[in-house]
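Here's the letter readout for the chains.
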Amino acid sequence: DQQVKQNSPSLSVQEGRISILNCDYTNSMFDYFLWYKKYPAEGPTFLISISSIKDKNEDGRFTVFLNKSAKHLSLHIVPSQPGDSAVYFCAAAGTDKLIFGTGTRLQVFP
Amino acid sequence: KAGVTQTPRYLIKTRGQQVTLSCSPISGHRSVSWYQQTPGQGLQFLFEYFSETQRNKGNFPGRFSGRQFSNSRSEMNVSTLELGDSALYLCASSLVGDSPEQYFGPGTRLTVT
C-alpha cells in the first residue's frame, strides 16, 4: 500500500527551463510534506517543506505547491541547472515517521 | 555542526551471516531513524529510536533489529542475511520538535553474496 506516490520515475529537462516534479498521497491525515534530493553515493539532502496549512512555499529557485483537495504536491525548479540532476524524493509526515515516495530521477541537460 | 555519520560505508557479507551498522546523529538530535533503499522501492522505513526506546517500526521481519545508546548513537543489526537484504541502509536524525525534517547520513552499502 503505497501511501506516497511519484508516478514519473524519470524526467529530462533542458537547462534554464522549468522542472516540475509531482507527488500524490492517499492519507488525508498527513500534515507536513518534504522534498529531498539525492546524489549517487550520498544520503538524501533536505530541500524544502510545506505545512498543510499552506498551499505554497518558496525558497530561491525551488517552490513547492500543495493541493490538499487533490492530495497532490509538486516541486518546481526554475531555472533548472545541470547541478540539479539527481533523484528527488517527496515525503509525507505521518504519525511520528516520514513516508517516502519512490523517487523521480531528474536530468538537466545543456 | 558535524553531520550524520555512518560506518562502515561499504560492506560485503555472505548469506546467513549477520551484520551491524552504526550511526552517529547530529549533536543534539535525539531521534534516529533507519531506512532501507533498494532500486525502485524508494526509502522503506525500518524503525525509529528516541531516548533509547524504539518508537516506531516498519514492516520488516524480526531479523532486522536496532538499538540506541544514551549518547543517541544507534546501531542496526541484520541476522541471517539473505540476498534480498542487499541495499543502501540510511540513517537519519532529527530534533524532536514542531517540524519533522530529518537529516540523513551517507548510508552503508550492504552487498550480500
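Right above here is the structure, for reference.
Residues numbered from 1 in each chain as written. Chains lettered and ligands numbered in written order. Predicted model: local features only at pLDDT ≥ 70, side-chain atom pairs only at ≥ 80, totals over all residues. Heavy atoms only, no water.

A. Region of the structure containing the state of the cysteines. Residue and element names in this part refer to chain B. Applying the stated rule across the entire model yields 2 disulfides over all chains. Each sulfur in the disulfide pair Cys23 and Cys91 lies 1.7 Å from the other. Looking along the S-S bond of the Cys23-Cys91 disulfide, the torsion reads about -50°, which is the left-handed sense. Remark: Cys91 occurs in strand β9 (residues 87-94) and Cys23 occurs in strand β3 (residues 19-24); sequence separation between them is 68 residues. Overall, Cys23 belongs to the buried group, its relative accessible area being 0%. (Disulfide = S-S within 2.5 Å. Helix = DSSP H or I, 4+ residues; strand = E, 2+ residues; numbered from the N terminus. Buried < 20%, exposed > 50% of the residue type's maximum accessible area, 1.4 Å probe, protein only.)

B. Seen up close, the interface of chain A and chain B. Between chain A and chain B, the residue contacts involve 19 residues of the former and 21 residues of the latter. Contact between chain A and chain B buries roughly 1500 Å² in total, counting both sides, with carbon and sulfur atoms accounting for 60%. Taken together, the links from chain A to chain B amount to 0 salt bridges. Along the contact surface separating chain A from chain B lie 4 residue pairs in polar contact (both at pLDDT 80 or more). Elements that contribute at least two residues to the side of chain A that touches chain B include exactly β4 (32-38), β5 (45-51), β9 (86-93) and β10 (98-100) of chain A. Sorting elements by how many residues they give to the side of chain A that touches chain B places β4(A) first, with 4 residues. (Contact = heavy atoms within 4.5 Å. Buried area = accessible area lost by both parts, 1.4 Å probe. Salt bridge = Lys/Arg side-chain N within 4 Å of Asp/Glu carboxyl O. Polar contact = N/O pair within 3.5 Å; in protein donor to acceptor, adjacent residues only side chain to side chain.)

C. Molecular detail of the pairing of strand β11 (residues 108-112) of chain B. Residues and elements named next belong to chain B. A one-sided burial pattern is seen for β11, the buried positions being Thr108, Leu110 and Val112 and the unburied ones Arg109 and Thr111. Where strand β2 (residues 10-13) meets β11, 4 bridges bridge the pair, whose relative direction is parallel. Within β11, the position partnered with Lys13 by the bridge is Val112. Examined bridge by bridge, β9 and β11 share 3 bridges and lie antiparallel to one another. Across the sheet, Leu88 pairs through a bridge with Arg109, a residue of β11. (Pairing = 2+ DSSP bridges.)

D. How the structure looks around the nonpolar core. Ranked by internal contacts, the top residues of the largest apolar core, which has 24 residues, are A:Phe33, A:Trp35, A:Leu73, A:Leu75 and A:Tyr88. Secondary structure elements with two or more residues in this core: β3 (19-25), β4, β5, β7 (62-67), β8 (72-77), β9 and β11 (104-109) of chain A. In terms of residues, this core owes the most to one element, β9(A), which gives 4 residues. Counting 21 residues, the second-largest nonpolar core is a separate cluster that includes B:Leu21, B:Leu46, B:Tyr89 and B:Val112. (Core = buried A, V, L, I, M, F, W, Y, C linked by side-chain atoms within 4.5 Å.)

E. Region of the structure containing the pattern of salt bridges. Scanning all chains against the criterion turns up 6 salt bridges over all chains. A cluster of three or more residues bridged by salt bridges with shared partners is formed by B:Arg63, B:Glu82 and B:Asp85.

F. Region of the structure containing the pairing of β11(A). Residues and elements named next belong to chain A. By the alternation rule, side chains of β11 split into Thr104, Leu106 and Val108, which are all buried, and Arg105, Gln107 and Phe109, of which none is buried. Both strand β2 (residues 10-14) and β11 contribute to a ladder of 5 bridges, which runs parallel. When the sheet's bridge partners are listed, Ser10 is paired in β11 with Arg105. Relative to β11, β9 runs antiparallel, the two being bridged by 3 bridges. The partner of Tyr88 across the bridge, within β11, is Thr104.

Coordinates in, geometry out; function isn't part of it.
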